[in-house]
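# Secondary and tertiary structure notes
This is what each chain is made of:
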Amino acid sequence: MIIDAVEDKYSLHQLLKCLCMAKSSYYYQRAVMKQSDKYAEIRIRIKIIFQENRNCYGYRRIHGELKKIGITVSEKIVRRIMKEEHLTVPTKRMKKYSSYKGEITPEVDNIINRDFHAEQPNTKWLTDITEFAIPAGKVYLSPVIDCFDGMVVKWNIGTTPDSILVNKMLEDAIGTLLPSEHPLVHTDRGCHYRWTGWIERMQAAGLTRSMSKKDVHRTMQLAKDFREIKERNVLWALVVGVSMDDFINEINSYIEWYNTKRIKQSLGYMSPADTDIVLD
């Protein structure tokens, strides 16, 4: 492009020598620039998939979506096009909320012992509390996630990390179970899961408690993708002026999308809701 801009003032030989470029390289690049973009249609489709999925799909998921609609192209090409189009997923690491208040009730065994695989739905559940600190204040999310497919079974959102937040979520989750279903529920050692209200509800529903060891962070390995809620998809809410209600609505909207639309490689590029349909 530089050579073409000033070739009427200087000879090609002088310009190539000044830019340390071989003559063959110059003509090759000129030919490439004149070629039409053979990935033009795919490029448009990639942009649409990225935007329709809340700007949080990496090249692997977009590659999976392309395969589902019959477009065959390598992951390498998808990654290159995303780089050229500046389709990057924003990230921001946030501090993990800790509700540990000491050994207020006897501990229970770590039954799950990092085995987060489940053969059937509603056999292993994971839960913890996520804190969002935005200019408008603090918001707390308490979800229950199914190890089978990553489905967010139920969740509760509040502005105070109290017993109501987790107990209401647990009651709603229990309400989705069949009489024969009694999942193991794995938590950290936070006070919410050691208060009598939580324990009584667990016992009444015939659920088994499992608790990670002290100072073991990120116990919910399966829920790593779900942490995109705080690390990727609600960064817009950190902008001054976003109200608490708008932020909570965005979290609810994201979880609905996560359950019904967001594909996972481990599920054969299906969403958690898709696996339920297959099982039925």
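My aim in this report is to walk through the structure given alongside it, one point at a time. (Residues numbered from 1 in each chain as written. Predicted model: local features only at pLDDT ≥ 70, side-chain atom pairs only at ≥ 80, totals over all residues. Heavy atoms only, no water.)

### Brief notes about the environment of N259
Formally: Secondary structure is summarised from DSSP: a helix means a run of H or I of at least four residues, a strand means a run of E of at least two, and numbering begins at the N terminus for each. When a residue's accessible area, from a 1.4 Å probe over protein chains only, is under 20% of the maximum for its type it is buried; when over 50% it is exposed; and in between it is partly exposed. We call two residues contacting when some pair of their heavy atoms lies within 4.5 Å.
By secondary structure assignment, the location of N259 is in helix α10 (residues 244–260). Of the residues examined, N259 reaches a relative accessible area of 6% and is grouped as buried. Separated by 109 residues in the primary sequence, N259 and G150 place their C-alpha atoms 8.1 Å from one another. Not counting the four nearest positions on each side in its chain, N259 is found in contact with M151, V152, W155, S271, P272 and A273.

### Regarding helix α7 (residues 163–174)
Within an α-helix, residues lying three or four positions from one another point in the same direction, as the helix has 3.6 residues per turn. The condition that has to hold: Expected span of a helix, by definition, is 1.5 Å for each gap between consecutive residues, and there is one gap fewer than residues.
Between the first and last C-alpha of α7 there are 16 Å, a value that for 12 residues agrees with the 16 Å anticipated at 1.5 Å per step. For α7, the complete set of buried residues consists of L165, V166, N167, M169, L170 and A173. Of the surrounding elements, those touching the buried residues of α7 are β1 (124–127), β3 (137–146), β4 (152–158) and α8 (196–205).

### So, the side chain of T127
Basically, it comes down to this: Pairs of N or O atoms within 3.5 Å make up the polar contacts considered here, provided that, within protein, one atom can donate a hydrogen while the other can accept it, and that residues adjacent in sequence are counted only when both atoms are side-chain atoms.
Mapped onto the fold, T127 is located in strand β1. A relative accessible area of 1% places T127 in the buried class. Within the local environment of T127, its side chain forms a polar contact with the backbone oxygen of P143, the two atoms lying 2.7 Å apart.

### Let's talk about the packing of aromatic side chains
Remark: the centre distance and the inter-plane angle together describe each pair of aromatic rings, the angle taken between the planes. Cut-off, in case you're wondering: Only rings of Phe, Tyr and Trp enter the pairing, Trp through its six-membered ring, and a pair is recorded when the two centres are within 6.5 Å. The plane angle decides the type: under 30 degrees is stacked, over 60 is edge-to-face, the rest tilted. When the NZ atom of lysine or the CZ atom of arginine is within 6 Å of a ring's centre and also within 35 degrees of its normal, the charge is said to sit over that ring.
This structure, assessed with the given rule, holds six aromatic pairs. Three or more aromatic residues joined by ring pairs form one cluster here, namely Y57, Y254, W257 and Y258. One residue, R79, lies across the ring of Y59, its end atom 5.1 Å from the ring centre.

### Description of the pattern of salt bridges
Threshold: Salt bridges are identified by distance alone: a Lys or Arg side-chain nitrogen within 4 Å of an Asp or Glu carboxyl oxygen.
Throughout the structure, instances matching the rule amount to 13 salt bridges. For K68, the salt bridge identified is with E65, shortest N-O distance 3.8 Å. Remark: E65 and K68 occur in helix α5 (residues 59–68); sequence separation between them is three residues, near one turn of the helix. In this structure, D115 and K124 form a salt bridge, with 3.4 Å as the shortest nitrogen-oxygen distance.

### Notes on the pairing of strand β2 (residues 130–134)
On any regular strand, side chains alternate: one points to one face of the sheet, the next to the other face. Counted only if it meets this: In this scheme, strands are said to pair when DSSP sees at least two bridges between them.
Most of β2 is tucked away: four of the five residues are buried. As paired elements, β2 and β3 share five bridges and run antiparallel to each other. Looking across to β3, one finds that T130 is bridged to L141. Between the antiparallel neighbours β2 and β3 lie two residues.

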